[in-house]
Structure formats: C-alpha cells, structure tokens
Amino acid sequence: MTRTLLEALVGSHSYGFATEASDTDRIEVFLTPTTDLLGLTDPSDVSVGKDDRGDYTRWELRKYLNLALKGNPGALELLYTDQGNITQRGPEAQFMRENRSWFLSKQLYPRYRGFVFSQYNRMHK
C-alpha cells in the first residue's frame with residue numbers, strides 16, 4: 001500500500017476564486033513501498049481521476065521530484081501553497097517545504113511563461 005507524503009487542495013478553491021460551479025482539485029505525492037519497486041512490474045507513478053472528494057492528481061515521489069526540479073508549475077504549487085490548503089503532510093513533505101528554494105532555477109521562467117500565456121489565452125477565447 002502506498003503512503004501519502006503530501007496532499008493539498010489546489011485550483012480555484014485554494015486561491016479564493018471558487019464559485020458554486022467550481023469543482024475541488026487535489027494534488028497528492030505518495031511513496032511506493034520498496035517491495036513494489038523491486039517487483040517484476042513497474043508500479044504506476046501517476047494517476048489522475050475523480051473520487052468522492054473531487055478531482056485528483058497523484059504523483060509518486062520520484063515522478064514528483066523530477067517535475068518539481070524541471071519547474072513544473074503544478075508540482076511547485078505544492079511547495080508554496082498556504083498551510084491551510086494542505087490536507088495531509090508527512091515529515092518528508094515538511095522537509096521539502098522547508099527547503100523549497102532547492103527547486104528554484106532558471107528553468108522556471110519558460111515553464112511559468114508558457115503556463116501564464118496558456119491561461120491568458122483560455123480567458124480570452
């Protein structure tokens with residue numbers, strides 16, 4: 001069974017822009033048990049879906065760290081989101097949040113620029 005390291009509310013609810021029609025979005029980082037990593041099949045490193053609490057994206061720790069180090073906006077959001085948006089947190093997540101500056105690099109600019117332009121274009125269609 002996987003262990004959740006960090007889970008947070010993201011999207012419109014976390015920024016105070018939610019309306020009656022807004023869905024609830026969560027991102028979770030989990031740790032795959034060593035026995036699963038050493039098995040004959042590759043465990044899933046990402047899942048996207050919907051459950052009784054809303055929409056979710058789940059990343060395995062290694063996948064999450066790769067995304068964060070490449071400046072992925074969704075991955076970095078977990079490190080910088082307000083404490084009130086965090087629904088689950090383990091000691092590993094606290095360590096990552098305390099050292100979040102390790103994930104900042106020049107790779108952020110093109111990623112966030114692309115993200116901002118895509119959001120701008122969606123608003124003006």
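Whatever comes next refers back to the structure up there.
Keep in mind the model is a prediction, meaning the values are calculated, not measured.

### Comments concerning the overall build of the protein chain
Here comes step 1: Looking only at helices and strands, the protein chain features six helices and five strands.
Here comes step 2: Each helix and strand of the protein chain, ordered N terminal to C terminal, gives the series β-α-β-α-β-β-α-α-β-α-α.
Here comes step 3: For the protein chain, the spread of C-alpha atoms along the three principal axes comes to 50 × 40 × 30 Å.
Here comes step 4: Looking at the protein chain residue by residue over its 125 residues, the buried ones come to 30%.
Here comes step 5: For the protein chain, long-range pairs separated by at least 24 residues make up 60% of all intrachain contacts whose partners lie at least 6 apart in sequence.

### Some thoughts on helix α5 (residues 91–98)
Here comes step 1: Within α5, burial applies to A93, M96 and R97. Down the axis of α5, the sector holding all buried residues measures 95 degrees, keeping them to one side. Seen from the open side of α5, the exposed residues pointing more than 90 degrees away from its buried face are P91 and E98.
Here comes step 2: Summarising the contacts, the buried residues of α5 are in contact with β1 (3–10), α3 (61–69), α4 (73–80) and β5 (86–89).

### As for the packing of aromatic side chains
Here comes step 1: Overall, the coordinates contain two aromatic pairs when judged by the stated rule.
Here comes step 2: On the basis of an interplanar angle of 35 degrees and a centroid distance of 6.0 Å, the ring pair of W59 and Y64 is categorised as tilted.
Here comes step 3: Take W59: its relative accessible area is 9%, and that puts it in the buried class.
Here comes step 4: With centroids separated by 5.5 Å and ring planes inclined at 75 degrees, the aromatic side chains of F95 and W102 adopt a geometry described as edge-to-face.
Here comes step 5: With relative accessibility at 45%, the residue F95 sits in the partly exposed group.
Here comes step 6: Taking NZ or CZ as reference, R58 lies 4.2 Å from the ring centre of F30, over its face.

### So, the pairing of strand β2 (residues 25–31)
A regular strand carries its side chains on alternate faces of the sheet.
Here comes step 1: Burial analysis of β2 places five of its seven residues in the buried class, the great majority of the element.
Here comes step 2: Inspection of the sheet shows β2 paired to strand β4 (residues 54–60) by six bridges, in the parallel sense. Bridged to I27 within β4 is T57.

### Examining the nonpolar core
Here comes step 1: Among the nonpolar cores identified, the biggest contains 20 residues, and V29, Y64 and L78 are the most heavily contacted of them.
Here comes step 2: Breaking this core down by element, the ones donating at least two residues are β1, β2, α3, α4 and α5.
Here comes step 3: Excluding residues that lie within four positions of it along the chain, V29 makes contacts with R3, T4, L5, L6, W59, L61, Y64 and L78.

### Here we look at the packing of α3 against α4
Here comes step 1: For the pair α3 and α4, the least separation of the axes is 7 Å and the interaxial angle reads 95 degrees. On the basis of the axis angle, α3 is roughly perpendicular to α4. In this structure, α3 uses Y64, L67 and A68 to contact α4, whose residues at the interface are A75, L76, L78 and L79.
Here comes step 2: Taken together, the residues of the contact of α3 with α4 break down into seven nonpolar, no polar and no charged.

### Considering the pattern of salt bridges
Here comes step 1: Under the counting rule described, the total for this entry stands at six salt bridges.
Here comes step 2: A salt bridge links E7 to R26; its shortest N-O distance comes to 3.2 Å. On the criterion of sequence distance, the pair formed by E7 in strand β1 and R26 in strand β2 is long-range, its members being 19 residues apart. Like R26, E7 is buried.
Here comes step 3: Residues K50 and D55 are paired through a salt bridge, measuring 3.3 Å at the closest nitrogen-oxygen approach.
Here comes step 4: A relative accessible area of 62% means that K50 is categorised as exposed.

Procedures and definitions
Residues numbered from 1 in each chain as written. Predicted model: local features only at pLDDT ≥ 70, side-chain atom pairs only at ≥ 80, totals over all residues. Heavy atoms only, no water. Helix = DSSP H or I, 4+ residues; strand = E, 2+ residues; numbered from the N terminus. Buried < 20%, exposed > 50% of the residue type's maximum accessible area, 1.4 Å probe, protein only. Contact = heavy atoms within 4.5 Å. Arc of directions from axis to C-beta. Phe/Tyr/Trp six-rings, centres within 6.5 Å; stacked < 30°, edge-to-face > 60°. Lys NZ or Arg CZ within 6 Å of the ring centre and 35° of its normal. Pairing = 2+ DSSP bridges. Core = buried A, V, L, I, M, F, W, Y, C linked by side-chain atoms within 4.5 Å. Axes fitted to C-alpha atoms, helices over the stretch in contact; angles between N-to-C directions. Parallel < 35°, antiparallel > 145°, perpendicular 65-115°, else oblique. Nonpolar A, V, L, I, M, F, W, Y, C, P; charged D, E, K, R; others polar. Salt bridge = Lys/Arg side-chain N within 4 Å of Asp/Glu carboxyl O.

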